[in-house]
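# Reading the structure
As a plain string of letters, each chain reads:
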Amino acid sequence: MRLPFRSRTNRKRAWWDRIGEKVFGSNRHPLTVAEVKQRAVAVVALILPYVAWNHGQVAVKSLKDFRGRMDAEIADGMRLDGRIEAALSHLMHAQQRTPQLPEIWRAIAWAAAPGFPVQALYYFEKLGVDHKLTPRDSLMMAALHMRLDQPAEAAAIYDALVSAFPTDPDVWRAWGSACLKVGDYSEALKAFQRVRTLLPHDTQAALGLAEIMHRSGKPDRERESVGLLLSQLHRAIGAKLPCARDLAHAVLTFSLHDDPQRTEIASLLGRMEDRGPELELASIFLRHSLHPETNEALQRREQVKSFLAGHRTLDYSTRKKVAGWLKRHGEDGLLLDWISLADAAGDEVLFSFRLESLLASGQWKEVAEMALHPAAGALSEKPEWLQILVSLRTGREDPHMAEMLLRSAVAQARVSGNPVACKALGYASLDYGVFPLAADAFGSAMKAGEDPSSILKEFLHAARRSGQDADSALSILSHHVQSGDKSTDMRKQTTYLRLLCGDQMERAALDLARLKKDLPNDPFVKFLNGFMGYRLGDYTSAVHSLVPMPAHRWQQGETIVIATILASGGKTREAAKLAERITGQGVFPEERRMLEGWKSRTELDPGLLSSVTLQP
């Protein structure tokens, strides 16, 4: 087809015909390839400003958004690698370029959540306003509300999630954890049971259920909770799951009093690959008896010593776990031998462990010396009780001034409810011979939460030397002793005090029956059995329990009771020989009255009690 300006009839072409021929070409003068390219470039150059004006802003925004999303992914990678500060810095710069990008808000919220919960919550709320929240975001948002002590806001989020995702185990697990945190155990139990229904082997749900059962305080429920975790640990170790170590550490946080379960845990720990030194030490403790008086406990101590000798050089993280296990099981002496002051000075946790072990051992002067160490910081910033111990550490202080300082420090520690301070001041009072103050300090430490078994001997010694009666000492100890207490020393001493007072015989009989079952060959238990026979009037049986005399380091007051029992059974000469060793100092008034009740009569007539059948 010929165009009008190409027609033969129109030989006289207008100017636009000639322009058209130059631009588009003609049959007679077709365009070359180079000319086509040139004209195309010219056309694009003419159209491009129009396109850029109308669509360039959209293209630039799309490019910025793409870069912002890439920045968010990079920052998430940094966060997962533990580089939180670098991730936040990267995101702050990215937000300046794309302040309205939801992906940036989400990345900032997740990165800020561990250390900046308020700021993280702000960005999550921004996502909620734009309807960009995912279920995972909502769970984190609820967790942040819980951290900020806003349970009502968290509960509203969880309720919405549970309604929207009734079969999502993550939602139920988070809901159960939140209920457990606020103490709503019934709802937490339902939530964790729902998780176990959806995921029968879920580790977090098993841990939650075990904690709820363990909190009941009932021995059967405690054993059941440990059994639940043991089944999970069996599966994890058998399948070589990465959660096996976490499960093992979780099991070890529970009170493990059942010997078969302790043996089973020790066996499982032995099967673990790369269990680490802390779990190896735990297996040593679990393979042996809990009772410190048995030969098995001595074997355990030797194995622990051998283990510590072979693990002198550990990284600080592992060393803290091992030290924590030793501290938890009362091995303060081994801990002090294993962690020197030079080792402790390099880590705050180890430093505190060494301080606590020194206090538990009664070495308050060494505690005062540690307070002067450069690693402890400025002494002026320390509490007043510690400053007083520092001033008294040399022992050159005037006794009256020392007593005045100690009384002031004990009064302040009692008001603040600091058991560590009361305990340290009790030891210092003992060393300075202020026995009434020492008994008061140890009693205050127990009232403030200190384990009575850790200061039992010192408390009883101070109470005896201060002239305090046995009934008052028993009332302080009984306030802290629970029926499930596993401290044999505490059980033995409280049983002795009950027998000494003579007004709690039924409770004493129950405690003695438990002690005879747990420690049938213990010398002090045999002594208590004889004392019980004496109180019940069975003097012959009481004497048989003590003859021959069991080897033990007897206190003055206990010696009085033994002599009284022997005298009541007609063994006056043996009783008199024991009485010669008694000075009468450091005994309870009840013990002194027992001695005075028969000693004067034997001095008048040595044969008077040869056939005694009645209680003197």
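Let me begin by describing the structure that accompanies this report. (Residues numbered from 1 in each chain as written. Predicted model: local features only at pLDDT ≥ 70, side-chain atom pairs only at ≥ 80, totals over all residues. Heavy atoms only, no water.)

### Describing the pattern of salt bridges
The tally for this structure, following the rule as stated, stands at 24 salt bridges. Arginine 507 is the salt-bridge partner of aspartate 511, the closest N and O atoms lying 3.5 Å from each other. With aspartate 511 and arginine 507 both in helix 28 (residues 505-518) and four residues apart, the pair spans about one turn of that helix. Owing to a relative accessible area of 7%, aspartate 511 belongs among the buried residues under this scheme. (Salt bridge = Lys/Arg side-chain N within 4 Å of Asp/Glu carboxyl O. Helix = DSSP H or I, 4+ residues; strand = E, 2+ residues; numbered from the N terminus. Buried < 20%, exposed > 50% of the residue type's maximum accessible area, 1.4 Å probe, protein only.)

### Overview of the environment of phenylalanine 527
On the secondary structure map, phenylalanine 527 appears in helix 29 (residues 523-535). On the basis of relative accessibility, which here comes to 0%, the residue phenylalanine 527 falls in the buried class. Between the C-alpha atom of phenylalanine 527 and that of valine 543, which follows or precedes it by 16 residues, the distance is 9.6 Å. Those residues in contact with phenylalanine 527 that lie beyond four places of it in its chain are Tyr496, Leu546, Trp554, Glu558, Val561 and Ile562. (Contact = heavy atoms within 4.5 Å.)

### Regarding the environment of phenylalanine 192
Its location among the elements puts phenylalanine 192 in helix 9 (residues 185-198). When its relative accessible area of 1% is taken as the criterion, phenylalanine 192 is described as buried. Along the primary structure phenylalanine 192 and serine 177 are separated by 15 residues, whereas in three dimensions their C-alpha atoms are 8.4 Å apart. Those residues in contact with phenylalanine 192 that sit more than four places away from it in its chain are Arg173, Gly176, Ser177, Leu180, Gln204, Ala205, Gly208, Leu209 and Ile212.

### Thoughts on the nonpolar core
Membership of the largest hydrophobic core comes to 174 residues, with the highest contact counts inside it found for Ile265, Leu326, Leu389, Tyr496, Leu497, Phe527 and Phe531. Sequence-distant contacts of phenylalanine 531, that is, excluding residues within four places in its chain, are made with Tyr496, Leu499, Leu500, Val561, Ile565 and Met594. (Core = buried A, V, L, I, M, F, W, Y, C linked by side-chain atoms within 4.5 Å.)

### Quick notes on unusual backbone geometry
At aspartate 149, a residue that is not glycine, the phi angle is positive and equals roughly 55°. Residue placement: aspartate 149 occurs in the loop between helix 6 (135-147) and helix 7 (151-164). Note on aspartate 149: relative accessible area 66%, which makes it exposed. Of note, lysine 240 is a non-glycine position whose phi angle comes to about 55°, a positive value. For lysine 240, a relative accessible area of 62% puts it in the exposed group.

### Comments concerning the side chain of threonine 494
Residue position: threonine 494 is located in helix 27 (residues 488-501). Among the residues examined, threonine 494 registers a relative accessible area of 1% and is labelled buried. Only 2.8 Å separates the side chain of threonine 494 from the backbone oxygen of methionine 490, close enough to count as a polar contact. (Polar contact = N/O pair within 3.5 Å; in protein donor to acceptor, adjacent residues only side chain to side chain.)

### A few points about the packing of aromatic side chains
The full count for this structure, using the stated rule, is 15 aromatic pairs. Ring centres of tryptophan 110 and phenylalanine 124 lie 6.0 Å apart, and the angle between their planes is 80°; on these two criteria the pair is classed as edge-to-face. Here tryptophan 110, found in helix 4 (residues 102-112), pairs with phenylalanine 124, found in helix 5 (residues 117-129); they are 14 residues apart in sequence, far enough to count as distant. Owing to a relative accessible area of 10%, tryptophan 110 belongs among the buried residues under this scheme. Ring centres of tyrosine 158 and tryptophan 175 lie 5.5 Å apart, and the angle between their planes is 55°; on these two criteria the pair is classed as tilted. Of the two residues, tyrosine 158 is situated in helix 7 and tryptophan 175 in helix 8 (residues 169-182); the sequence distance between them amounts to 17 residues. Aromatic rings pair up to connect Tyr496, Phe524, Phe527, Phe531, Tyr534, Tyr539 and Trp554 into one cluster. Lying over the aromatic face of tryptophan 110, arginine 136 brings its terminal NZ or CZ to 3.9 Å of the ring centre. (Phe/Tyr/Trp six-rings, centres within 6.5 Å; stacked < 30°, edge-to-face > 60°. Lys NZ or Arg CZ within 6 Å of the ring centre and 35° of its normal.)

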